[in-house]
Amino acid sequence: MQYSVVSGSISTRKTACLVAAVYQGGELPDATRAIDKTTRGAIAKHIRGSAFDGKHGDHLLLFDPAGLKAERLLLVGVGEKKTLDLAALRKAVRASVKALADAGIGEATSLLTTLKPAGFNVEAVARATVEASEHAAYRFERMKSKQSSRAPAPRKIALHVATSTQLAPARRGVNTGGAVGLGVALARDLGNLPANVCTPSYLASEARKMARKYASLKVKVLGETDIKRLGMGDFWGVARGSSQPPRLILFEYSGGRKSEQPVALVGKGVTFDAGGISLKPPARMDEMKFDMCGAASVFGTLKVACEMKLPMNIVGITPATENLPDGNAVKPGDILTSLSGQTVEVLNTDAEGRLILSDALTYVGRYKPRVVVDMATLTGACVVALGHHASGLMSPDDKLAEDLLAAGERAGDRAWRLPLWDDYQSELDSNFADFANVGGREGGAITAGCFLWRFAKDYKWAHLDIAGTAWDSGAKKGATGRPVGLLCEWLLNLKK
Ligand code: BES
Ligand code: MN
Ligand code: ZN
């Protein structure tokens with residue numbers, strides 16, 4: 001979509017549709033009240049005469065509003081005035097883009113950017129508007145043989161701001177929002193692609209494509225022989241059961257001085273997780289094509305860094321493989337020797353994410369990172385604990401945890417912290433190896449975090465379990481692009 005920022009008279013603005021906010025109960029925000037005056041109270045009257053009362057996400061489309069140069073007026077509910085926050089604004093923006101698309105309106109001017117959610121300036125509001133619009137306009141139709149009949153999203157949206165001094169900050173917000181929107185869309189595309197297309201090699205070729213596009217980005221790809229030669233026994237243990245060759249994809253983004261220590265992002269890239277010999281039941285197994293959404297968030301976030309020329313160095317590491325049953329696959333009871341030298345008894349081959357991440361977390365130490373964050377669709381237990389609203393955050397570092405939680409809050413991509421207390425560690429005890437790859441059923445998200453921590457002792461580290469947040473199921477089935485929003489917000493606020 002194309003965005004512009006405008007100010008000045010609203011009543012004389014020529015547009016196919018003016019989008020204006022209404023508070024719950026029918027109270028009008030300043031900009032809406034101003035156009036209500038121009039229409040001699042027609043807006044207030046229409047609201048009184050309809051079932052629409054400004055409820056969050058609801059809308060009312062009016063044709064040929066008297067006194068305005070706009071062809072239509074879309075009223076969107078933004079909920080209670082006193083609880084108006086950025087999340088409420090995002091929701092209203094998504095609803096408005098959907099309503100515009102459903103009505104087949106190709107171009108609009110939005111007054112939602114004149115709203116003032118507490119604690120956020122016009123730059124943040126414009127950015128959130130663009131991010132939410134891009135999210136709502138996203139379609140994944142690459143695998144359909146024919147264009148769908150669904151109405152396309154609007155092509156152009158002008159964001160109206162209250163004063164001309166707000167033009168410049170709003171334009172900055174549009175640029176940031178546009179970049180984040182691209183990263184989120186990339187993560188969603190990679191997640192939505194089926195596993196017979198999006199293989200480890202496919203991910204590697206997409207990474208190389210990115211490196212050709214951006215001069216600031218270098219990509220190295222390690223294959224089967226490198227993985228074995230380096231001694232990545234955990235990673236190879238998972239990969240050996242698949243006929244698709246594994247890939248360890250290494251991104252190096254240089255936006256800071258050469259001497260600056262990089263931030264490292266590590267993402268689980270299981271392009272399909274059938275469970276291995278500990279085979280999963282058939283119900284919803286198709287959704288295990290999303291098991292590379294951690295890797296996709298690394299791709300997406302690095303794309304944003306490249307687009308925005310973020311002033312820092314970032315390394316991205318995504319171990320990519322399938323997890324399938326096979327005569328050559330790792331078996332329950334097998335013992336693997338990880339790159340760190342620690343030995344792992346594989347009690348359940350379906351706990352494969354932590355195995356490929358263990359070697360990636362050891363490998364990333366080579367870069368002397370200032371901080372490491374890993375993202376993984378790691379446990380069903382995390383979904384049981386937090387549902388689909390929050391990612392599970394685990395970190396031994398309170399400051400890092402707070403920063404990530406705050407970034408998620410601001411970005412509308414929230415996480416919630418789970419403890420990594422020592423009490424949980426004994427769950428991983430093994431009679432035969434240094435430790436096992438699974439604990440009991442209870443606290444499964446935490447024991448997975450405890451497992452990873454054993455490979456992340458040499459640097460500041462946090463783990464995001466995105467099993468519940470990376471994709472939607474049911475009618476809305478598809479990748480969400482999370483946690484690209486959280487990661488970008490965190491990086492944008494990272495101090496030197
Ligand atoms: N990819 C799954 C986690 C998952 C499950 C994500 C369901 C989203 C929905 C992961 O590899 C896995 O299978 N985890 C096991 C771990 C268990 C064997 C300890 C799980 O959660 O059941
Ligand atoms: Mn699994
Ligand atoms: Zn998995």
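Sequence order as written defines residue numbering, which begins from 1 separately in each chain. Both sets of labels track the order of writing: A upward for chains, 1 upward for ligands. In keeping with the model being predicted, local features are shown solely for residues with a pLDDT of at least 70 and side-chain atom pairs are shown and tallied solely at 80 or more, while totals for entire chains, interfaces and linings include all residues. Computation of side-chain values: all heavy atoms of the structure, hydrogens and water removed.

So, the coordination of the zinc ion (ligand 3)
Next, step 1: Looking at the zinc ion (ligand 3), one finds its protein donor set to be K268 (NZ), D273 (OD), D291 (OD) and E352 (OE), positioned 2.0 to 2.4 Å from the metal centre.
Next, step 2: Here a donor is any nitrogen, oxygen or sulfur atom (N, O, S) within 2.8 Å of the metal, with 3.2 Å used for Na, K and Ca; water is not among the atoms considered, so some sites may look incomplete. All geometry calls rest on donor angles, where a four-donor set with angles between 85 and 135 degrees is tetrahedral, four- and six-donor sets with opposite donors more than 155 degrees apart and all others between 65 and 115 are square planar and octahedral, and all else is irregular. For the zinc ion (ligand 3), the 6 donor atoms in the first shell make angles of 79 to 174° at the metal, so the coordination geometry reads as octahedral.
Next, step 3: Binding-site remark: the zinc ion (ligand 3) is held by donors from one chain whose sequence spacing is K-x4-D-x17-D-x60-E.
Next, step 4: The distance between the zinc ion (ligand 3) and the manganese ion (ligand 2) comes to 3.2 Å, and D273 binds to both of them. Of the two residues, K268 sits in the loop between β9 (263–267) and β10 (269–273) while E352 sits in the loop between β13 (343–345) and α10 (353–364), which places them 84 residues apart along the sequence.
Next, step 5: A 1.4 Å probe rolled over the protein chains alone gives each residue an accessible area, and that area as a share of the maximum for its type sets the label: buried under 20%, exposed over 50%, partly exposed in between. Classification of K268 by relative accessible area gives buried; the value is 2%. Numbering of helices and strands starts at the N terminus; helices are DSSP runs of H or I of at least 4 residues and strands are runs of E of at least 2.

Observations concerning the layout of surface pockets
Next, step 1: Taken as a whole, the second largest pocket encloses approximately 950 Å³ of empty space.
Next, step 2: Think of a 1 Å grid over just the protein atoms. A cavity is a set of points where a 1.4 Å probe fits yet cannot get out, a pocket is an open set with protein on both sides within 12 Å along at least five of seven lines, and lining residues have an atom within 4 Å of a point. Forming the walls of the second largest pocket are 33 residues, and the residues nearest its centre are K280, L378, T379, G380 and A381.
Next, step 3: Elements supplying a minimum of two residues to the lining of the second largest pocket: α10, α11 (380–386) and α13 (444–453).
Next, step 4: Sort the elements by how many residues they give to the lining of the second largest pocket and α11 lands first, with 4 residues. Grid points are joined across faces, edges and corners, and a volume is the space filled by probe spheres set on the points.

Observations concerning the coordination of the manganese ion (ligand 2)
Next, step 1: The manganese ion (ligand 2) binds to the protein through D273 (OD), D350 (O), D350 (OD) and E352 (OE), with metal-donor distances spanning 2.0 to 2.2 Å.
Next, step 2: Around the manganese ion (ligand 2) sit 6 donor atoms, and with donor-metal-donor angles ranging over 70 to 168° the site reads as irregular.
Next, step 3: Coordination of the manganese ion (ligand 2) draws on donor residues from a single chain, spaced D-x76-D-x1-E in sequence.
Next, step 4: We classify D350 as partly exposed; its relative accessible area is 22%.

Observations regarding the site of ligand 1
Next, step 1: Inspection of the region around ligand 1 gives 16 residues, with K280, D291, D350, E352 and G380 positioned closest.
Next, step 2: Here an oxygen atom of ligand 1 and a side-chain polar atom of D273 are 2.9 Å apart.
Next, step 3: N or O atoms closer than or at 3.5 Å make up a polar contact, with two conditions inside protein: a donor-capable atom paired with an acceptor-capable one, and, for residues adjacent in sequence, both atoms drawn from side chains. Between ligand 1 and L378, the relevant distance is 3.4 Å, taken from a nitrogen atom to a main-chain nitrogen or oxygen of the residue.
Next, step 4: Contact with the protein chains hides 77% of the accessible area of ligand 1, taken as 510 Å² for the molecule alone.
Next, step 5: Partitioning the shell around ligand 1 into residue classes produces 5 nonpolar, 4 polar and 7 charged. Any residue with a non-hydrogen atom lying within 4 Å of a molecule or strand is treated as near it. Each accessible area is a Shrake-Rupley estimate made with a 1.4 Å probe; only the visible protein chains count as cover when residues are assessed. Basically, the charged four are Asp, Glu, Lys and Arg, the nonpolar ten are Ala, Val, Leu, Ile, Met, Phe, Trp, Tyr, Cys and Pro, and anything else, Gly included, counts as polar.

Digging into the domain arrangement of the chain
Where the parts come together, the accessible area they lose is often given as the size of the interface.
Next, step 1: Domain limits in this description derive from either an automatic procedure or a database domain assignment. According to the domain assignment, the chain consists of domain 1 (2–161) and domain 2 (182–495).
Next, step 2: Centre-to-centre, using C-alpha coordinates, domain 1 lies 37 Å away from domain 2.
Next, step 3: Only heavy atoms enter the contact rule, under which two residues are in contact if any of them lie within 4.5 Å. Taken together, the 9 residues of domain 1 in the interface contact 15 residues of domain 2.
Next, step 4: As used here, buried area is the combined drop in accessible area, with a 1.4 Å probe, of two parts when they are placed together. With both sides pooled, the region where domain 1 packs onto domain 2 buries about 1000 Å², and carbon together with sulfur makes up 52% of that total.
Next, step 5: When the area that domain 1 buries against domain 2 is broken down by residue, the three leading residues are R127, H135 and Y138, summing to 46%.
Next, step 6: In the sections that follow, a salt bridge refers to a side-chain nitrogen of Lys or Arg positioned within 4 Å of a carboxyl oxygen of Asp or Glu. For the pair domain 1 and domain 2, the interface holds 1 salt bridge.
Next, step 7: Across the pair R127 and E489 runs a salt bridge, and its minimum N-O distance is 2.8 Å.

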